[in-house]
Amino acid sequence: MQVFPEGGSTFMNLIGGQRATVEDGRVVITLELEERHMNPNGVLHGGVLTTLMDEATGHAVATVRGIETMMQAPHATVDMNMSFLSGARPGDVLECEGRVLRVGKSVCFAEGEVRRRGKGDLIAKGRFTFVVVSPRNG
(Lines give C-alpha, C1' and ligand atoms only; values in the text may rest on other atoms or scores of the structure.)
Protein backbone atom coordinates (compact mmCIF):
# COMPACT_ATOMS: atom_id res chain seq x y z
CA MET A 1 0.00 0.00 0.00
CA GLN A 2 1.33 3.42 -0.93
CA VAL A 3 1.01 5.73 2.07
CA PHE A 4 2.47 8.78 0.34
CA PRO A 5 0.42 10.26 -2.51
CA GLU A 6 1.61 10.29 -6.10
CA GLY A 7 4.91 12.13 -6.30
CA GLY A 8 5.83 11.32 -2.69
CA SER A 9 8.99 9.53 -1.69
CA THR A 10 9.14 5.87 -2.68
CA PHE A 11 11.80 5.37 0.01
CA MET A 12 9.41 6.69 2.67
CA ASN A 13 6.84 4.22 1.34
CA LEU A 14 9.41 1.46 1.74
CA ILE A 15 10.00 2.16 5.43
CA GLY A 16 6.30 2.82 6.16
CA GLY A 17 6.24 6.53 7.01
CA GLN A 18 2.92 8.34 6.77
CA ARG A 19 2.31 12.06 6.43
CA ALA A 20 0.06 13.09 9.29
CA THR A 21 0.07 16.88 8.89
CA VAL A 22 0.89 19.16 5.99
CA GLU A 23 0.70 22.90 6.61
CA ASP A 24 2.46 25.91 5.18
CA GLY A 25 6.04 25.52 6.41
CA ARG A 26 5.35 22.45 8.59
CA VAL A 27 5.05 18.72 7.94
CA VAL A 28 4.60 15.86 10.41
CA ILE A 29 5.38 12.25 9.48
CA THR A 30 4.56 9.29 11.70
CA LEU A 31 6.16 5.86 11.77
CA GLU A 32 5.28 2.82 13.87
CA LEU A 33 8.54 1.04 14.55
CA GLU A 34 9.01 -2.59 13.60
CA GLU A 35 11.91 -5.02 13.92
CA ARG A 36 13.06 -4.05 10.41
CA HIS A 37 13.81 -0.52 11.67
CA MET A 38 16.26 -1.69 14.34
CA ASN A 39 20.04 -1.91 14.29
CA PRO A 40 21.84 -5.15 15.33
CA ASN A 41 21.57 -4.05 18.99
CA GLY A 42 17.77 -3.94 18.84
CA VAL A 43 17.56 -0.13 18.95
CA LEU A 44 16.23 2.17 16.22
CA HIS A 45 18.73 2.59 13.39
CA GLY A 46 19.96 6.19 13.02
CA GLY A 47 19.38 6.04 9.27
CA VAL A 48 15.65 5.69 9.86
CA LEU A 49 15.64 8.86 11.97
CA THR A 50 17.72 10.71 9.40
CA THR A 51 15.37 9.62 6.61
CA LEU A 52 12.27 10.73 8.52
CA MET A 53 13.72 14.13 9.30
CA ASP A 54 15.14 14.72 5.82
CA GLU A 55 11.75 13.86 4.34
CA ALA A 56 9.76 16.04 6.78
CA THR A 57 12.02 19.08 6.41
CA GLY A 58 12.26 18.72 2.63
CA HIS A 59 8.48 18.52 2.32
CA ALA A 60 8.07 21.49 4.69
CA VAL A 61 10.30 23.55 2.40
CA ALA A 62 8.19 22.40 -0.58
CA THR A 63 5.01 23.71 1.07
CA VAL A 64 6.54 27.19 1.13
CA ARG A 65 8.18 27.08 -2.31
CA GLY A 66 5.14 25.57 -4.03
CA ILE A 67 4.96 22.39 -6.09
CA GLU A 68 5.16 24.11 -9.50
CA THR A 69 8.29 26.04 -8.50
CA MET A 70 9.83 22.97 -6.91
CA MET A 71 9.25 20.84 -10.02
CA GLN A 72 11.03 23.43 -12.19
CA ALA A 73 13.88 24.05 -9.72
CA PRO A 74 14.00 21.29 -7.07
CA HIS A 75 15.80 21.63 -3.77
CA ALA A 76 18.32 19.12 -2.48
CA THR A 77 19.81 18.49 0.95
CA VAL A 78 23.41 19.72 1.08
CA ASP A 79 23.98 19.69 4.83
CA MET A 80 22.38 18.02 7.83
CA ASN A 81 23.25 17.95 11.48
CA MET A 82 21.54 15.30 13.60
CA SER A 83 21.63 14.76 17.35
CA PHE A 84 20.37 11.37 18.54
CA LEU A 85 19.11 11.92 22.08
CA SER A 86 17.26 8.74 22.99
CA GLY A 87 16.65 5.24 21.68
CA ALA A 88 13.39 3.75 20.45
CA ARG A 89 12.19 0.18 20.05
CA PRO A 90 9.62 -1.84 18.10
CA GLY A 91 6.07 -0.80 18.93
CA ASP A 92 6.97 2.85 19.56
CA VAL A 93 5.20 5.32 17.31
CA LEU A 94 7.38 8.23 16.27
CA GLU A 95 6.22 11.66 15.18
CA CYS A 96 8.71 13.65 13.12
CA GLU A 97 8.00 17.35 12.69
CA GLY A 98 9.81 19.35 10.02
CA ARG A 99 9.65 23.17 10.18
CA VAL A 100 10.93 25.81 7.76
CA LEU A 101 13.31 28.37 9.21
CA ARG A 102 13.93 30.37 6.02
CA VAL A 103 13.38 29.97 2.31
CA GLY A 104 15.62 32.03 0.08
CA LYS A 105 16.13 32.13 -3.68
CA SER A 106 18.99 29.63 -3.66
CA VAL A 107 19.27 28.27 -0.10
CA CYS A 108 16.61 27.05 2.35
CA PHE A 109 16.91 26.17 6.04
CA ALA A 110 14.75 23.87 8.15
CA GLU A 111 14.79 22.05 11.47
CA GLY A 112 13.14 18.94 12.76
CA GLU A 113 12.39 16.90 15.84
CA VAL A 114 11.40 13.28 16.35
CA ARG A 115 9.34 12.48 19.45
CA ARG A 116 7.81 9.32 20.84
CA ARG A 117 4.02 9.57 20.60
CA GLY A 118 2.27 9.55 23.93
CA LYS A 119 5.23 10.32 26.15
CA GLY A 120 6.63 13.14 24.01
CA ASP A 121 10.22 12.02 24.65
CA LEU A 122 12.64 13.81 22.33
CA ILE A 123 14.41 11.11 20.28
CA ALA A 124 16.35 13.28 17.79
CA LYS A 125 16.79 16.86 16.67
CA GLY A 126 18.27 18.15 13.44
CA ARG A 127 19.00 21.14 11.23
CA PHE A 128 19.01 20.95 7.44
CA THR A 129 20.24 23.13 4.60
CA PHE A 130 18.85 22.74 1.09
CA VAL A 131 20.14 24.26 -2.12
CA VAL A 132 17.77 25.19 -4.91
CA VAL A 133 18.94 23.56 -8.12
CA SER A 134 18.98 25.60 -11.35
CA PRO A 135 15.69 25.45 -13.28
CA ARG A 136 15.26 22.49 -15.57
CA ASN A 137 15.21 23.13 -19.30
CA GLY A 138 12.52 21.44 -21.37
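See the structure above.
Residues numbered from 1 in each chain as written. Predicted model: local features only at pLDDT ≥ 70, side-chain atom pairs only at ≥ 80, totals over all residues. Heavy atoms only, no water.

**Side note on the overall build of the protein**
Regarding its fold elements, the protein presents 3 helices and 6 strands. Listing every helix and strand of the protein by position from the N terminus yields α-β-β-α-α-β-β-β-β. Expected size for 138 residues packed as a compact globule is a radius of gyration near 14 Å; at 15 Å, the protein falls within 12% of this value. For the C-alpha atoms alone, the extent of the protein along its principal axes is close to 45 × 30 × 25 Å. By residue count, 42% of the 138 residues in the protein fall in the buried class. By element, 50% of the accessible surface of the protein is carried by carbon and sulfur atoms, the whole surface being about 7,600 Å². Charge separation in the protein, taken as the distance between the mean sites of 15 positive and 16 negative side-chain charges, equals 5 Å. (Helix = DSSP H or I, 4+ residues; strand = E, 2+ residues; numbered from the N terminus. Rg over C-alpha atoms; globule rule 2.2 N^0.38 Å. Buried < 20%, exposed > 50% of the residue type's maximum accessible area, 1.4 Å probe, protein only. Areas by Shrake-Rupley, 256 points an atom, 1.4 Å probe, with all protein chains shown as cover. Lys, Arg positive; Asp, Glu negative; His and termini not counted. Charge placed at Lys NZ, Arg CZ, Asp CG, Glu CD.)

**Concerning the environment of Leu-122**
Checked against the element boundaries, Leu-122 lands in strand β6 (residues 122–132). Note: C-alpha distance between Leu-122 and Leu-94 (28 residues apart in sequence) is 9.8 Å. Setting aside anything within four residues of it in sequence, one finds Leu-122 in contact with Leu-85, Ser-86, Glu-113, Val-114 and Arg-115. (Contact = heavy atoms within 4.5 Å.)

**Considerations on the packing of aromatic side chains**
This model, assessed by the stated rule, comprises 1 aromatic pair. Ring geometry for Phe-128 against Phe-130: centres 6.4 Å apart, planes inclined by 15°, an arrangement best described as stacked. (Phe/Tyr/Trp six-rings, centres within 6.5 Å; stacked < 30°, edge-to-face > 60°.)

**A word on a nonpolar patch on the surface**
On the surface, a nonpolar cluster with roughly 210 Å² of combined accessible area is contributed by Val-78, Val-131 and Val-133. Topologically, Val-78 is positioned in strand β3 (residues 75–84). Given the relative accessible area of 54%, Val-78 is considered exposed. (Patch = residues over 30% accessible without salt bridge, like charges linked within 9 Å, V, L, I, M, F, W, Y side chains within 5 Å. Salt bridge = Lys/Arg side-chain N within 4 Å of Asp/Glu carboxyl O.)

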